[in-house]
Amino acid sequence: MKLNRTTQRTIEILKLVSKNPDGITLDDICERLELPKTSAYDIVTTLAEMGMVNVDRGQRQRYTIGLTAYRIGINYTNNLDFISVIEPELKTFARTVGKTVFFGVRSDHEVVYITKAEPENPIITTATVGTKNPMYCTSLGKAILAYSDEETRDQVISRIKFRKKTERTILDRESFLKELEIVKEQGYALDAREVEEHMECVGAPVFGSDGNVLGAISVSSLYKPTEDYEHLGCLVREKAREVSKLLGFIGNIC
């Protein structure tokens, strides 16, 4: 999929401006993003006219994030009201299974961890809220992608660059597609020590009221040869079904 360069640059500039609450100059923007000054000036001027950035016209003009961008962010946050439904369910589930529980959503070709619940004696996990990981080697990513529509799935997979993280990491499109078929058959996905050698995760899809996959729930724990991961998968799948129903989904899940 061909990406529009101007749109990419615009988003990169907005991200950079948002990370500098005291403002950032045009020269700094050009230097950090390696942009031609004329192109950067055209973009920030347009963003300023649309209220996406503010301009502090001092000795050197500095740009800060604008009210329009803030309002867009607020609208996004308002659309995340479902988190208030999911979080107590995850907390209860974490205590029940005695393991760390995550909820994640797709962000382009990666999965981002939106919320996390831990049992009384949690293990230390590298994943935290806001962390992103590849979809091809996480139970969250596999669960989401297995239940996404074909067009979305194909677009996401076309953007994936398979990289080896452990000896068990899936490294090609064909193997990944076969993995997604298995996920859809059983209703849950495994990260069988594919991201970290000592961690095993199980995930299942969560659906919204519109019938589309909204995200996924996963359970993470240290790998144990004696653990019944099939049973754990069934528990996660059932919890994901319960959460989906709470969010208004009335169809057959898996």
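In this text the structure is predicted, and so the values were computed from the model without any measurement.

The rules behind each value
Residues numbered from 1 in each chain as written. Predicted model: local features only at pLDDT ≥ 70, side-chain atom pairs only at ≥ 80, totals over all residues. Heavy atoms only, no water. Buried < 20%, exposed > 50% of the residue type's maximum accessible area, 1.4 Å probe, protein only. Helix = DSSP H or I, 4+ residues; strand = E, 2+ residues; numbered from the N terminus. Pairing = 2+ DSSP bridges. Axes fitted to C-alpha atoms, helices over the stretch in contact; angles between N-to-C directions. Parallel < 35°, antiparallel > 145°, perpendicular 65-115°, else oblique. Contact = heavy atoms within 4.5 Å. Nonpolar A, V, L, I, M, F, W, Y, C, P; charged D, E, K, R; others polar. Core = buried A, V, L, I, M, F, W, Y, C linked by side-chain atoms within 4.5 Å. Expected span 1.5 Å × (residues − 1). Arc of directions from axis to C-beta. Phe/Tyr/Trp six-rings, centres within 6.5 Å; stacked < 30°, edge-to-face > 60°. Lys NZ or Arg CZ within 6 Å of the ring centre and 35° of its normal.

Caption draft 1: Representation of the pairing of strand S7 (residues 189-192). The alternating pattern of S7 places Ala189 and Asp191 on a buried face and Leu190 and Ala192 on a face that is not buried. Where S7 meets strand S8 (residues 199-207), 4 bridges bridge the pair, whose relative direction is antiparallel. Its bridge partner being in S8, Asp191 is matched across the sheet by Cys201. Linkage of S7 to S8, two consecutive antiparallel strands, is achieved through a turn of 6 residues, within which Arg193 is found at a positive phi near 60 degrees.

Caption draft 2: Inspection of the packing of helix H6 (residues 139-146) against helix H8 (residues 173-186) at higher detail. The interhelical angle for the contact between H6 and H8, taken along N-to-C directions, is 80 degrees, at an axis separation of 9 Å. One element, H6, and the other, H8, form an angle in the roughly perpendicular class. For the pair H6 and H8, the contacting residues are Lys142, Ala143, Leu145 and Ala146 in the first and Phe176, Glu179, Leu180, Val183 and Lys184 in the second. Here the residues of the contact of H6 with H8 sort into 6 nonpolar, no polar and 3 charged.

Caption draft 3: View of the nonpolar core. Ranked by internal contacts, the top residues of the largest apolar core, which has 26 residues, are Leu145 and Phe176. Of all the secondary-structure elements, those providing two or more residues to this core are strand S5 (110-117), H6, helix H7 (150-159), H8 and strand S9 (213-222). Considering every element that reaches this core, the biggest residue donor is H6, with 5 residues. The contact partners of Leu145, leaving out residues within four places of it in the chain, are Met135, Arg153, Val156, Ile157, Phe176 and Leu180.

Caption draft 4: View of H8. Along its 14 residues, H8 runs 20 Å from first to last C-alpha, staying within 8% of the 20 Å computed at 1.5 Å per residue. Listed in full, the buried residues belonging to H8 are Phe176, Glu179, Leu180 and Val183. Projected down its long axis, H8 carries its buried residues within an arc of 100 degrees, all on one side. In this structure, H8 carries Glu174, Glu181 and Glu185 as exposed residues pointing more than 90 degrees from its buried face. Lining the buried residues of H8 we find H6, H7 and S7. Of the residues one or two after H8, Gly187 is the one with positive phi, at around 85 degrees.

Caption draft 5: Seen up close, the packing of aromatic side chains. Across all of its chains, the model carries 6 aromatic pairs by this definition. With 5.7 Å between their ring centres and 85 degrees between their planes, Tyr147 and Phe207 make a pair best called edge-to-face. Linking Tyr147 in the loop between H6 and H7 with Phe207 in strand S8, this pair joins segments that are 60 residues apart in sequence. Across the pair, exposure class does not vary: Tyr147 and Phe207 are buried alike. Their ring planes at 25 degrees and their centres at 5.1 Å tell us that Phe207 and Phe249 sit as a pair that is stacked. Here the residue Phe207 occupies a position in strand S8, and Phe249 occupies one in the segment after helix H9 (229-246), the gap between them amounting to 42 residues. The residues Phe207 and Phe249 share a single accessibility class, namely buried. Each residue in the set Tyr136, Phe162 and Phe176 is aromatic and connected to the rest through ring pairs, giving one cluster. The aromatic ring of Tyr223 is capped on one face by Arg193, whose charged end is 3.7 Å from the ring centroid.

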